[in-house]
Amino acid sequence: MSTMLALLLVLLILMIIVGGRSGIKSYLSIIINFGLVFIVALLISWGANIALTAACFVPLKLLTIIYLGTNETKIADKSFLSSFIVTVIIVVLILGFNFLAQAPGIGEQAGEDLIGLSDAPGLSFAAIGVVVAVFSTLGAISEAAVAMSAGLIELKRQNQQLSIEKFYQSGLNIGEDILGTAVNTILFGFFGSFLALFIWYTRLNYTISQILNDKLFAQEFLIMCYSIIGVLLVIPLTTLVVSRSKKL
């Protein structure tokens, strides 16, 4: 048994022990999402239209993440609606800022084969960069949306007489805690995955200007910013969606 397979087995056992049926659903969500990403990569490598592929698979990933990660349909419905709206907004931001940053492509850290691939006909690395950025933000957006929806729906059920103004303010108060943990998760994930690269920059005496203009760093930094913006947007939007719901 390989190390990776053993780790996946340990993960499955722990998720079943801790989460029971929900744990099994979450584990299934991980497998399905991995499969979706793999299919997207295959389709793009086979020459499929990148924009159409992303338009089909982004909602599928959101559905998988949210509906397999929650036990109540109403929570999932509100979470999906707010997540989808925020994702559309983030896509617009990504299209604009990726164009301005001119970051898509293969960095100089890659080998000659990968650098040559970036010039291959039929592959638009600008479009691929957009897809990667969108897929990378979905987890943070959907997680914040589910956390907000679950808390707000329970709050509304416990206090039916709460006015819309007070409910909205309570939602923003809940969102502050969710925002703090989500931003820290995103930041530590970024710095943790890039620790080796930062050491590489230091050992090769990169200047701040060279680091900021490095394609690999710019791509990941932009994705981090998109994820944080997505979480910031999903908090008030989810609060608004739940507050306007009459039957919960």
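Residues numbered from 1 in each chain as written. Predicted model: local features only at pLDDT ≥ 70, side-chain atom pairs only at ≥ 80, totals over all residues. Heavy atoms only, no water.

If you look the protein up in an unreviewed UniProt entry, it shows as YibE/F family protein from Lapidilactobacillus dextrinicus.

1. So, the overall build of the protein
When you go through the protein residue by residue, the secondary structure sums to 10 helices and zero strands. Taken from the N to the C terminus, the helices and strands of the protein come in the order α-α-α-α-α-α-α-α-α-α. Residues classed as buried in the protein amount to 36% of the 248 residues present. At a minimum sequence separation of 6, the contacts of the protein that also span at least 24 residues come to 75%. As displayed, the protein offers around 14400 Å² of accessible surface, 69% of which is attributable to carbon and sulfur atoms. (Helix = DSSP H or I, 4+ residues; strand = E, 2+ residues; numbered from the N terminus. Buried < 20%, exposed > 50% of the residue type's maximum accessible area, 1.4 Å probe, protein only. Contact = heavy atoms within 4.5 Å. Areas by Shrake-Rupley, 256 points an atom, 1.4 Å probe, with all protein chains shown as cover.)

2. Thoughts on the pattern of salt bridges
Enumeration according to the criterion identifies one salt bridge in this entry. With a shortest N-O distance of 2.2 Å, Glu 72 and Arg 157 are connected by a salt bridge. A residue pair is termed long-range when its members are at least 10 positions apart, and Glu 72 in the loop between helix H3 (50-67) and helix H4 (73-101) and Arg 157 in helix H6 (residues 125-158) qualify at 85 residues. Classification of Glu 72 by relative accessible area gives partly exposed; the value is 27%. (Salt bridge = Lys/Arg side-chain N within 4 Å of Asp/Glu carboxyl O.)

3. Comments concerning the nonpolar core
Counting 53 residues, the largest nonpolar core has Ile 94, Phe 135, Val 231 and Val 234 as the members making the most contacts within it. Broken down by secondary-structure element, the contributors of at least two residues to this core are helix H2 (21-45), H3, H4, H6, helix H7 (164-193), helix H8 (195-203) and helix H10 (215-243). With 15 residues, H6 is the single largest residue contributor to this core. (Core = buried A, V, L, I, M, F, W, Y, C linked by side-chain atoms within 4.5 Å.)

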